[in-house]
Amino acid sequence: MAQIGQIIVDVPTMQTNEPYSYAIPADLENQVQVGMRVTVPFGRGHRVVSGVVVGLSDVTNFDGQLKPIQSVLDLAPILTTELQQLAAWLADTTYAFRITCIQTMLPSLLKAQTERQIQPTVPLTDQEMATYFPDGAPRAFDTSKLADTTLAGLLRLQRAGKVEVTYQVTSKAAAKTTTGIKPALPVAKLQEIQAEVAKRAPKQAELLAYLQTMDPDKLVAQSQVSHATGVSTAVMTTAADKGWLTKQPLEVYRDPFHQPVTPTKPLKLNAEQQVAVTAITKAVDEQRTENFLVEGVTGSGKTEVYLQSIAVALQQHRTALMMVPEIALTPQMVNRVKARFGQRVAVLHSGLSKGEQYDEWRRIDQGEATVVVGARSAIFAPVRNLGIIIMDEEHESSYKQDENPRYHARDVALWRGKYNHCPVVLGSATPSLETRARAAKGLYTRLLLAKRVNDHPLPTVHIVDMREEVKQRADGDFSQPLLTAIQERLDRHEQMVLMLNRRGYSSFVMCRDCGFVLKCPNCDISLTLHMDTHTMKCHYCGHEEAIPHICPNCHSRKIRYYGTGTQKVETALQKEFPTARILRMDVDSTRRKGAHEKILRQFGDHQADILLGTQMIAKGLDFPNVTLVGVLNADTALGLPDFRASERTFQLLTQVSGRAGRAEKPGEVFIQTFNPDHYAIELAQQQDYERFFVTEMHMRHQGNYPPYYFAVQLTASHEDEATAAKAMYQIVGTLQKGLSKDAIVLGPTPKAIARVKRKYYYQVVIKYKREPQLRPLLEKIRQAAQIPARHGLAITIDSEPMNFM
Ligand SMILES: Nc1ncnc2c1ncn2[C@@H]1O[C@H](COP(=O)(O)OP(=O)(O)OP(=O)(O)O)[C@@H](O)[C@H]1O
Ligand SMILES: [Zn+2]
Ligand SMILES: [Zn+2]
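- The name given to the protein chain in an unreviewed UniProt entry is Replication restart protein PriA, with Levilactobacillus lanxiensis as the source organism.
- The record in UniProt for the protein chain states the following under Function (unreviewed entry): "Initiates the restart of stalled replication forks, which reloads the replicative helicase on sites other than the origin of replication. Recognizes and binds to abandoned replication forks and remodels them to uncover a helicase loading site. Promotes assembly of the primosome at these replication forks."
- Check the Sequence similarities (unreviewed entry) section of the UniProt entry for the protein chain; it says "Belongs to the helicase family. PriA subfamily."

Below is the structure:
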C-alpha cells in the first residue's frame, strides 16, 4: 500500500509547480488514487488547500515529518491518465503552472474553493464579541469584505493569541440527484412476498412484481418506476421500510439539448470526398496517428467528410472529438453532428450553465457520450479511447487562448492524436500558413476538395474601388454596383449577407474644429458609439459615458461621429430599401443567450432578406437561398500592426464570399475596398488560396516571420509606465546575454494599445530558428518575476502568439 502521495497543491507559484509529498493516513489508504482531488495542510500556517494527486509511492527522500493528507474530495479520479500527462506537457510548453493547466481542464463546478473563517480561541469579553462577532462565532474571514477598523481589531486579537483563522475547503455543488430505487431482496423472496400480499395490498403486489424485473445493481429513478407501474411514491416508501427495496440518490443530467433535430443518413460521397474519407478511415482502422489537412474550397462538403469519418471510429467502439471555433456561431455544424449521431453527442461550450457543463462533462467521463463537439477548451474533454479528432476551420485564431495557459487547441489535438494512436483532421478552405506549410513539408497528409458539391461554381467576385465611388457619392457606405445588386435580389426574393468588418475599425467621436477624439480614461483607445444605449463605450474595459454634444476640449458644437457601425448601416440600408427585411447580427444584438441561433434560424426560415453583421456571419453558414454577399469595408484590418494582417484579410474575404451561391442558384460577391491592388484582396477575388499561400510565404520569408521563424512574445504590465518599461529592458538584457546572435529580439516597445484597464503594456518579441538556451532563459525570467509580481508587475510569456497588438 502506498503511504505517500505526490500532490500538486492549488497554489499557483513557481515553488509549488512541483508536487509536494504528503503522508497518506491509514484510514485513507484504500481511498486515495492518482487523479483525485484531496485537501492538505499547506505552508507555515498549515492552512488547508485543495490539490490533485499526481503520484503514489512508498518511499521518499524527504527527511522529516510529512504532513498528512486531510481528506479526499472525490470518489473516483477526475483526471484520466491521459489528461494528467497532458497537463504536465501543457505546463512545460506554455510556461504556465501545472495547477492552472489542471484547472483549465476541469468544468468550473469542480474547482474547489477555500473558505476562511475566524473564531475565538479563548473567551472574549461581551464588548469584544459585540464588536467583532456580532452574528456569533465563527465568522467568514474575507479581508476584502471586512471594514478596516474591524480587520485591524481582529488582527490585534490574533496577535494576542485570542482568535485564530481556520480554513475550510468547500467544493461547489456537485451532481444533481433524484431518488433512485433498486430491489433489496432476491427474486424468489420478492415472489414469495408478492403472493402473500396479493389479496390485501394489490398496489404493493404490483410494485413487488416490477421489482422482480429490475437489474439488482442498477438504480432506476423513483419517478420512472411510478410512471411505469402507476404505484405512488408513498407505496415505495412503505416498501423501503419493509426492506423490499433500497432508496439511494441517483445522478440526473440536466438536459442541454433544447432543439430537437431531425436525424440524417450519410450522403453519397462525390469522388473527392470519397478519397478523403478513405484516407482518413484507413488511419482510424489501423489505429495509427496520421495528421491530415483537408483543404476544401467553401461549399465543398467538408462536413460530410468529417461525419462519415467519425462514423467509422464509432463503429470500432472508439470515440470522436470535433472542434469548432465558436459554438454560438456554428449552430448549423452542431445540429449536423447531432442529427447524425443523436444522443451519443455531448456539446461543451461556455454558453451552458455551470450545471449543464458539468453534466455534459460527466456524460463524457462515464462513456455515455462518445462524440464531443465543442470550442477551444473542449479539447480537454475526458473522452477515453479516442478514434479521431477533427478541427474545423483550423485557421481560426479563437483556438488560441490568450490567457494562461496560452495554449493552441491544435497543438493539444496533435498531442492527443499521438497519445491515442488516432488521426487528427485539420479542415479549412483557407488553412493557416503554419498548417499549409507543414503539409508542404509532408508533416500532414493533404487532402484536396477543389470543387463545390454537385459541381456548383464558386461565386463571381467583383472588386469595387471605393476611391472612385467616394469621388462620385461623397457619403454612404454603399457603392452603386452593390446597391443595384441588392435591389435585384430583393426583386427576385433571394437572400443576401452583408458584412461590416469591425476589426481595427469602429465608430468614434471626433471634433471637426480641433480634432479631439473621445478616449477611454482607463485605456489608450477611443470610445465606440453605441446607438442602442446612446452611450460611448470602451470595448476593452467596459467604461461607459454619455455621448458628448459639445467638444470637451474646445467647446465647439461641431463634434460628430465618424466611421461606421452596424446600427448606422442598418438605418441607412433601411432608408434605401424601405421594404427590405433586415436582421442585424453583432455584439449588441447577440448578447442574450441563444440570440445567435435565433437570428440564424429566422434567416434560414426566410423571415428576412438581408443578414447584416460583423465578422461573426463569415463562418460556415450554409444557406442555399443566399446569392449575394457584400463586404462594405474589406481593408480596415490591412493596416493593423500585425504580420498576419494580410492572412486574416484574405481568410475573412474568402470565407464570407463562400456564403454565396452554395446551391442551385449562382452567387455573386461585391467587395468594397480602398486598396483594390493589394494582393490579399486580389487573390481573395480569385478565391485562389494556393496562390495566396505562395505569395504570403514569400512575404514571411523576407520579413523573417513565422512559419519560417518561431516566435515568443513577452509582456510586462504595470500601472506605472516606467516600471513596466524598465522590467522589459531588464528582460531584454537577460535575453541578449543568453541567446545566440541568430535570434532576433524586437523591442521593447509599448503595445499597439499601450494602456488597457489602467495598466501600461510593454512587449518584446523574439524570433528564432534554433535556440536551445531559450527555454531555460524563459524559466529563469519566470522565476525572477515572482517577487515583483507581488507589487503589481505582471510578466507574461506567450509562445507562438496570435495577437501582436
Ligand atoms: N456528397 C454530397 N452530396 C450532396 N450534397 C452534399 C454532399 N456533401 C455535402 N453536401 C451539401 O453541400 C453543402 C455544403 O457542404 P458543407 O457545409 O459541408 O461545406 P464546407 O466544405 O464545410 O464549406 P465551408 O468551408 O464554406 O463551410 C451542404 O448543404 C451539404 O449538405
Ligand atoms: Zn474641439
Ligand atoms: Zn477602457
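Brief notes about the overall build of the protein chain
Here's step 1: Across its full length, the protein chain holds 24 helices and 33 strands.
Here's step 2: Against the compact-globule benchmark of 28 Å for 805 residues, the protein chain has a radius of gyration of 31 Å, which places it among compact chains.
Here's step 3: Overall size of the protein chain, expressed as C-alpha extent along the three principal axes, is 95 × 75 × 55 Å.
Here's step 4: Across the 805 residues that make up the protein chain, the buried fraction comes to 52%.

A word on the site of ligand 1
Here's step 1: Around ligand 1 lies a shell of 19 residues, among which Lys 268, Lys 302, Thr 303, Asp 622 and Arg 662 are the nearest.
Here's step 2: Here an oxygen atom of ligand 1 sits 2.7 Å away from a polar atom, N or O, in the side chain of Arg 662.
Here's step 3: Isolated, ligand 1 exposes 640 Å² of accessible area, and the fraction of that covered by the protein chains is 83%.
Here's step 4: With 3 residues, the top contributor of residues to the shell around ligand 1 is helix 10 (residues 302–315).
Here's step 5: Of the residues that constitute the shell around ligand 1, the class distribution is 4 nonpolar, 8 polar and 7 charged.

What to know about the environment of Arg 438
Here's step 1: Inspection of the secondary structure puts Arg 438 in helix 14 (residues 433–440).
Here's step 2: Overall, the relative accessible area of 36% leaves Arg 438 in the partly exposed class.
Here's step 3: Residues Arg 438 and Ser 353 lie 85 residues apart in sequence; the distance between their C-alpha atoms is 38 Å.
Here's step 4: Ignoring any residue separated from it by four or fewer positions in sequence, one finds Arg 438 in contact with Leu 414, Leu 443 and Tyr 444.

Quick notes on the side chain of Gln 687
Here's step 1: Topologically, Gln 687 is positioned in the loop between helix 20 (679–686) and helix 21 (689–703).
Here's step 2: Each residue touching Gln 687, except ones within four places of it in the same chain, is listed here: Leu 458, Pro 459, Val 461 and Ser 657.

Some remarks on the packing of aromatic side chains
Here's step 1: The full count for this structure, using the stated rule, is 12 aromatic pairs.
Here's step 2: Here Tyr 20 and Phe 42 contribute two aromatic rings whose centre-to-centre distance is 5.6 Å and whose plane-to-plane angle is 55 degrees, an arrangement assigned as tilted. Note that Tyr 20 is positioned in strand 2 (residues 20–23) and Phe 42 in strand 3 (residues 37–42), a separation of 22 residues in sequence.
Here's step 3: In this structure Tyr 20 comes out as partly exposed when scored by relative accessible area, which is 29%.
Here's step 4: Every member of this aromatic cluster is reached through a ring pair, and the members are Phe 650, Tyr 679, Tyr 689, Phe 692 and Phe 693.
Here's step 5: Above the face of the Phe 693 ring, Arg 436 is positioned so that its terminal group lies 4.7 Å from the ring centre.
Here's step 6: One cation-aromatic arrangement involves Lys 767 over Tyr 705; the distance from NZ or CZ to the ring centre is 4.0 Å.

What about the UniProt feature "binding site: Zn(2+) 1" (unreviewed entry) in the protein chain?
Here's step 1: Taking the UniProt record as the reference, the feature "binding site: Zn(2+) 1" (unreviewed entry) is found at Cys 511, Cys 514, Cys 551 and Cys 554. Separation in sequence by 44 residues is not matched in space for these annotated residues, since their most distant C-alpha atoms are only 8.6 Å apart.
Here's step 2: Mapped onto the elements of the fold, Cys 551 is located in the loop between strand 24 (544–546) and strand 25 (559–562).
Here's step 3: Those residues in contact with Cys 551 that sit more than four places away from it in its chain are Cys 511, Cys 514, Phe 516, Ser 556 and Ile 559.
Here's step 4: Structurally, the position occupied by Cys 554 is in the loop between strand 24 and strand 25.
Here's step 5: Residue Cys 554 is classed as partly exposed on the basis of its relative accessible area, which comes to 33%.
Here's step 6: Dropping the residues within four chain positions of it, Cys 554 is found in contact with Cys 511, Asp 513 and Cys 514.

Observations concerning the nonpolar core
Here's step 1: Counting 45 residues, the largest nonpolar core has Leu 321, Met 323, Ile 364, Ile 379, Phe 380 and Ile 389 as its most contacted members.
Here's step 2: Residue assignment for this core shows that the elements contributing at least two residues are helix 1 (81–94), helix 2 (98–105), strand 13 (319–323), strand 14 (345–348), helix 12 (354–365), strand 16 (386–391), helix 13 (409–420) and strand 17 (424–428).
Here's step 3: Met 323 has contacts with Gly 374, Ala 375, Arg 376, Ala 378, Ile 379, Ile 390, Met 391, Asp 392, Tyr 399 and Ala 409, leaving out every residue within four places of it along the chain.
Here's step 4: Phe 623, Val 631, Ile 671 and Leu 683 belong to the second largest nonpolar core, which has 39 residues in total.

Observations regarding helix 7 (residues 222–229)
Here's step 1: Those residues of helix 7 that fall on the buried side of the exposure criterion are Gln 222, Val 225 and Thr 229. For helix 7, the angular spread of buried residues about the axis comes to 60 degrees, placing them on one side. In this structure, helix 7 carries Ser 223, His 227 and Ala 228 as exposed residues pointing more than 90 degrees from its buried face.
Here's step 2: Tucked inside the fold, the buried residues of helix 7 contact strand 9 (177–183), helix 6 (202–213), strand 10 (220–221), helix 8 (233–241) and strand 11 (245–251).
Here's step 3: Positive phi appears at Gly 230, one or two residues downstream of helix 7, with a value of about 75 degrees.

Observations concerning the pattern of salt bridges
Here's step 1: Applying the stated criterion across every chain yields a total of 30 salt bridges.
Here's step 2: Across the pair Glu 295 and Arg 436 runs a salt bridge, and its minimum N-O distance is 3.3 Å. With Glu 295 in strand 12 (residues 291–296) and Arg 436 in helix 14, this residue pair connects regions lying 141 residues apart in the sequence. The two residues Glu 295 and Arg 436 agree in class, both being buried.
Here's step 3: Through salt bridges with shared partners, a single ionic network connects Glu 488, Arg 489, Arg 492, Glu 494 and Glu 668.

Some words on the packing of helix 1 against helix 2
Helix packing for two helices is described by the angle between their axes and how far apart those axes are.
Here's step 1: Packing of helix 1 against helix 2 brings their axes to within 8 Å, and their N-to-C directions diverge by 130 degrees. Relative to helix 2, helix 1 is oriented oblique. Helix 2 is crossed by helix 1, and the crossing has right-handed handedness. Only Arg 98, Cys 101, Ile 102 and Met 105 of helix 2 make contact with helix 1, whose side of the interface consists of Leu 83, Leu 86, Ala 87, Ala 88, Leu 90 and Ala 91.
Here's step 2: Its residues placed into classes, the contact of helix 1 with helix 2 shows 9 nonpolar, no polar and 1 charged.

Quick look at the sheet that holds strand 4 (residues 47–57)
Here's step 1: Spatial ordering of the open sheet is given by 2-1-4-3-5, a layout of 5 strands whose pairing is antiparallel. Of all the strands in the sheet, the pair left with one neighbour each is strand 2 and strand 5 (71–72).
Here's step 2: Here 6 bridges tie strand 3 to strand 4, and the two strands are oriented antiparallel to one another. By the bridge assignment for strand 4, Val 38 is matched with Gly 51.

Notes on the confidence of the model for the protein chain
Here's step 1: For the protein chain, the mean per-residue pLDDT works out to 86, and 91% of the residues sit at or above 70.
Here's step 2: For this predicted complex, the interface score ipTM comes out at 0.95, while the overall pTM is 0.79.

Things to note about the sheet that holds strand 14
Here's step 1: On the basis of which strands lie adjacent, the open sheet formed by 7 strands has the order 14-15-13-16-17-12-18 and parallel pairing. In this open sheet, the two strands that pair with only one neighbour each are strand 14 and strand 18 (445–449). The mean inter-strand angle of the sheet, taken between neighbouring strand axes irrespective of direction, is 15 degrees.
Here's step 2: Pairing of strand 13 with strand 15 (residues 371–374) involves 4 bridges; the strand directions are parallel. Bridge pairing in strand 15 links Met 323 to Gly 374.
Here's step 3: Contacting strand 14 and strand 15, helix 12 runs over the sheet at an angle of about 140 degrees to strand 14.
Here's step 4: Packing of helix 13 onto the sheet brings it into contact with strand 12, strand 13, strand 16 and strand 17, and relative to strand 16 it is tilted by some 160 degrees.

Definitions and cut-offs
Residues numbered from 1 in each chain as written. Chains lettered and ligands numbered in written order. Predicted model: local features only at pLDDT ≥ 70, side-chain atom pairs only at ≥ 80, totals over all residues. Heavy atoms only, no water. UniProt positions renumbered as here; feature names shortened; annotations may be inferred. Helix = DSSP H or I, 4+ residues; strand = E, 2+ residues; numbered from the N terminus. Rg over C-alpha atoms; globule rule 2.2 N^0.38 Å. Buried < 20%, exposed > 50% of the residue type's maximum accessible area, 1.4 Å probe, protein only. Near = heavy atom within 4 Å. Polar contact = N/O pair within 3.5 Å; in protein donor to acceptor, adjacent residues only side chain to side chain. Areas by Shrake-Rupley, 256 points an atom, 1.4 Å probe, with all protein chains shown as cover. Nonpolar A, V, L, I, M, F, W, Y, C, P; charged D, E, K, R; others polar. Contact = heavy atoms within 4.5 Å. Phe/Tyr/Trp six-rings, centres within 6.5 Å; stacked < 30°, edge-to-face > 60°. Lys NZ or Arg CZ within 6 Å of the ring centre and 35° of its normal. Core = buried A, V, L, I, M, F, W, Y, C linked by side-chain atoms within 4.5 Å. Arc of directions from axis to C-beta. Salt bridge = Lys/Arg side-chain N within 4 Å of Asp/Glu carboxyl O. Axes fitted to C-alpha atoms, helices over the stretch in contact; angles between N-to-C directions. Parallel < 35°, antiparallel > 145°, perpendicular 65-115°, else oblique. Left-handed = near helix turned anticlockwise from the far one by under 90°. Pairing = 2+ DSSP bridges. pLDDT = per-residue confidence, 0-100.

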